[in-house]
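# Survey of secondary and tertiary structure
In case you want the letters, here they are:
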Protein chains: 2
Amino acid sequence: MSNLESVEGAILFEDIDSILQVKTDEKWVMQVNPNWQMLLVDHAHCERKAADFAINLIKSYTEYEVLQAPLSKLVREEMRHFELCLKYLKMYAIPFKPIQPCGYAKALHRIIRHERKQKLMDMLIVAAFIEARSCERFGLVARVLSQPQLIKFYQTLYQAELRHFQNYLALAFQIYSHSQVNKRIIDIGQAEAEFVQSSEAVFRFHSAIPI
Amino acid sequence: MSNLESVEGAILFEDIDSILQVKTDEKWVMQVNPNWQMLLVDHAHCERKAADFAINLIKSYTEYEVLQAPLSKLVREEMRHFELCLKYLKMYAIPFKPIQPCGYAKALHRIIRHERKQKLMDMLIVAAFIEARSCERFGLVARVLSQPQLIKFYQTLYQAELRHFQNYLALAFQIYSHSQVNKRIIDIGQAEAEFVQSSEAVFRFHSAIPI
């Protein structure tokens, strides 16, 4: 039984299809193979950013005991994935360097409210969406990639991101009322879907429809 | 053989006594037992801050391949220690909450130069000093504490901080010339010693002599 299933009323959002309001456009999928090397660089950055996000939550919400150990474990897992990305970058002789991010994280952060307790709820739900969308895209990448070792890597990560998505939602349901969280999942999901259905020139793991 | 020993010319700074210019004052040691609960809270914050410091280095210096995987492993270890602190806080029913930091980190950060490459060297050396001083103080705490389980915990951490100190210095020696690093260790060590020999009202893991 997952953490999420154990929280009564939260079962509504157990899988990514129940939370993501739109599926990724096929135009995005068609860009995966020509850009797989750059996606691996972006992926490494995403894992480090996910760890950073969780560490910041630990720091900013010290008084929420329920957050501390689960987020710390999540940081460790994200950094382990970061190291695996580095391993594959090295294996394929792809240089790891800073790259321009797509607009996804910025679009989601815009919807986060400023009042302290509301902010925490929104951050947990935004993190759940990022993990859910990562999960969907890892699945798509694993479907179309040509490199057998990377296919296996992304299949493994699909499971991890699914668990992270469930863990973030479970934390939100532990702290806030189910009706509050459910409502906010719909609102944030709408903003997420709007971004994913928009167009942008930068192609990344979480980017919108390629122009 | 440690990482450090493998770097020719770096062996000068193999143990903490060779890098720390002054020993902790006995007045600090005398405050350990009356303040052990608060020290455990501070310690949890220190582990999280150490992970944050390493993650920021990974982010800011993406182009230094030599840093990425070792720092990522260090982040994971610091977060594991953070979780152990949380376990002991829970065991002794000590609430984890934000606390005012002492002036140590601020005093060391003041000496960090701003030019990008010099900044990295200084940050690696400052991190080595923080780990070395932590190591020394974990040893002192383990010597005077009354709680057997915590004594064992701090003895284990003594070894970990010693390794972290060596790892940070090894990274500096891999990137910069030995003479540059050796000179900077002396300068930063002097600033560190000056702070440790000063006085302050706040008592923490890295605080100066208690007033």
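Residues numbered from 1 in each chain as written. Chains lettered and ligands numbered in written order. Predicted model: local features only at pLDDT ≥ 70, side-chain atom pairs only at ≥ 80, totals over all residues. Heavy atoms only, no water.

### Points about the pattern of salt bridges
Basically, it comes down to this: Here, a salt bridge means any side-chain nitrogen of Lys or Arg that lies within 4 Å of a carboxyl oxygen of Asp or Glu. Exposure is judged per residue with a 1.4 Å probe applied to protein chains only, and the accessible area is read against the type maximum: over 50% gives exposed, under 20% gives buried, and values in between give partly exposed. Numbered from the N terminus, helices here are DSSP runs of H or I no shorter than four residues, and strands are runs of E no shorter than two.
The final tally for this structure, using the stated rule, is 26 salt bridges over all chains. A salt bridge links Asp17 of chain A to Lys23 of chain A; its shortest N-O distance comes to 3.7 Å. Here Asp17 of chain A falls in the exposed class, since its relative accessible area comes to 54%. Across the pair Glu63 of chain B and Arg116 of chain B runs a salt bridge whose closest N-O atoms are separated by 2.4 Å. Of the two residues, Glu63 of chain B sits in the loop between helix H3 (36–60) and helix H4 (65–91) while Arg116 of chain B sits in helix H6 (residues 116–144), which places them 53 residues apart along the sequence. Judged by relative accessible area, which is 43%, Glu63 of chain B ranks as partly exposed. The exposure class of Arg116 of chain B is partly exposed, given its relative accessible area of 40%.

### Re the side chain of Glu136 of chain B
What counts here: Residue contacts are counted whenever heavy atoms from the two residues lie within 4.5 Å of one another.
Within the secondary structure layout, Glu136 of chain B lies in helix H6. Sequence-distant contacts of Glu136 of chain B, defined by excluding residues within four places in its chain, comprise Ile16, Leu20, Lys23 and Thr24 of chain B.

### Overview of the relation of the copies chain A and chain B
Operational definition: Superposing the copies works by least squares over the C-alpha atoms of residues that have pLDDT at least 70 in both of them.
Least-squares fitting of chain A to chain B yields an RMSD of 0.0 Å, with the superposition described by an axial translation of 0.0 Å and a rotation of 180°. In the structure described here, the two chain copies are related by an operation that fits a two-fold rotation axis. Among all residues of chain A, the one whose C-alpha sits closest to the rotation axis is Arg76 of chain A, at a distance of 2.4 Å. A high fraction, 100%, of the interface residues of chain A reappear at the interface in chain B, so the copies pair face to face through one surface.

### Quick notes on the interface of chain A and chain B
Here is the rule we go by: As a working definition, buried area equals the accessible area (1.4 Å probe) given up by two parts on being put together, with both sides summed. The term polar contact refers here to a pair of N or O atoms within 3.5 Å; inside protein, the definition further demands a hydrogen-donor-capable atom paired with an acceptor-capable atom, and it admits residues adjacent in sequence only when both atoms are side-chain atoms.
Tallying the contact residues gives 25 residues for chain A and 25 residues for chain B. On the chain A side of the contact with chain B, Ile55, Thr62 and Arg76 of chain A bury the most area, a combined 25% of that side's loss. If you look at where chain A meets chain B, you find four salt bridges. Its salt-bridge partner being Glu83 of chain A, residue Arg76 of chain B comes within 2.7 Å of it at the nearest N-O pair. Where chain A packs against chain B, one counts eight residue pairs in polar contact (both at pLDDT 80 or more). Going through the elements one at a time, helix H3 (36–60) and helix H4 (65–91) of chain A are the ones with two or more residues in the side of chain A that touches chain B. For the side of chain A that touches chain B, the leading source of residues is H4 of chain A, giving 13 residues.

### Comments concerning the confidence of the model for chain A
All names here are of chain A. What counts, and what does not: Along the chain, pLDDT gives the predictor's confidence residue by residue, from 0 to 100.
Counting all residues, the mean pLDDT for chain A is 92, and 93% of those residues have values of 70 or more. When the elements of chain A are averaged for pLDDT, helix H1 (residues 16–19) gives the smallest value, 86, and strand E2 (residues 209–210) the largest, 98. Counted against residues more than four places away or in other chains, residues 1–11, with its pLDDT under 50, gives 20 contacts. The ipTM for the predicted assembly is 0.91, set against a pTM of 0.92.

### As for the packing of helix H6 (residues 116–144) of chain A against helix H8 (residues 178–197) of chain A
Residues and elements named next belong to chain A. Which entries qualify depends on this criterion: Only the contacting stretch of a helix is used when fitting its axis, a line to C-alpha atoms as for every element, and angles between N-to-C directions run 0 to 180 degrees. The labels follow the angle: roughly parallel below 35 degrees, roughly antiparallel above 145, roughly perpendicular from 65 to 115, and oblique for the rest. What makes a crossing left-handed is the near helix being turned counterclockwise from the far one by less than a right angle; a clockwise turn instead makes it right-handed. Each residue is assigned to one class: nonpolar for Ala, Val, Leu, Ile, Met, Phe, Trp, Tyr, Cys and Pro, charged for Asp, Glu, Lys and Arg, and polar for all the others, Gly among them.
Their axes nearest at 10 Å, the elements H6 and H8 cross at an angle of 50°. Taken together, the axes of H6 and H8 lie oblique to each other. The crossing of H6 and H8 is right-handed. Each of Met121, Asp122, Ile125, Val126, Phe129, Arg133 and Arg137 in H6 lies in contact with H8, whose residues at this interface are Gln180, Val181, Arg184, Ile185, Ile188, Gly189, Glu192 and Val196. Tallied by class, residues from the contact of H6 with H8 come to eight nonpolar, two polar and five charged.

### Let's talk about H6 of chain A
Our working rule: Helix span, as expected, comes to 1.5 Å for every residue beyond the first.
The terminal C-alpha atoms of H6 of chain A lie 42 Å apart, and with 29 residues this matches the ideal 42 Å at 1.5 Å per residue to within 8%. In terms of burial, H6 of chain A is a largely internal element, 21 of the 29 residues being buried.

### A few points about the state of the cysteines
Note the cut-off: By convention in this document, the label disulfide applies to cysteine sulfur atom pairs within 2.5 Å.
For the coordinates displayed, the defined rule picks out zero disulfides over all chains. A disulfide-free cysteine, Cys135 of chain A has its sulfur positioned 14 Å from the sulfur of Cys46 of chain A, the nearest such atom. Not part of a disulfide, Cys46 of chain B finds its nearest cysteine sulfur in Cys102 of chain B, a span of 7.5 Å.

### Here's the deal with helix H8 (residues 178–197) of chain B
Residue and element names in this part refer to chain B. Here H8 is 20 residues long and its end C-alpha atoms lie 28 Å apart, about the 28 Å a rise of 1.5 Å per residue gives. Every buried residue of H8 is listed here: Val181, Arg184, Ile185, Ile188, Gly189, Glu192, Ala193, Phe195 and Val196. Looking at the buried residues of H8, the elements they touch are helix H1 (16–19), helix H5 (104–110), H6, helix H7 (148–175), strand E1 (199–200) and strand E2 (209–210).

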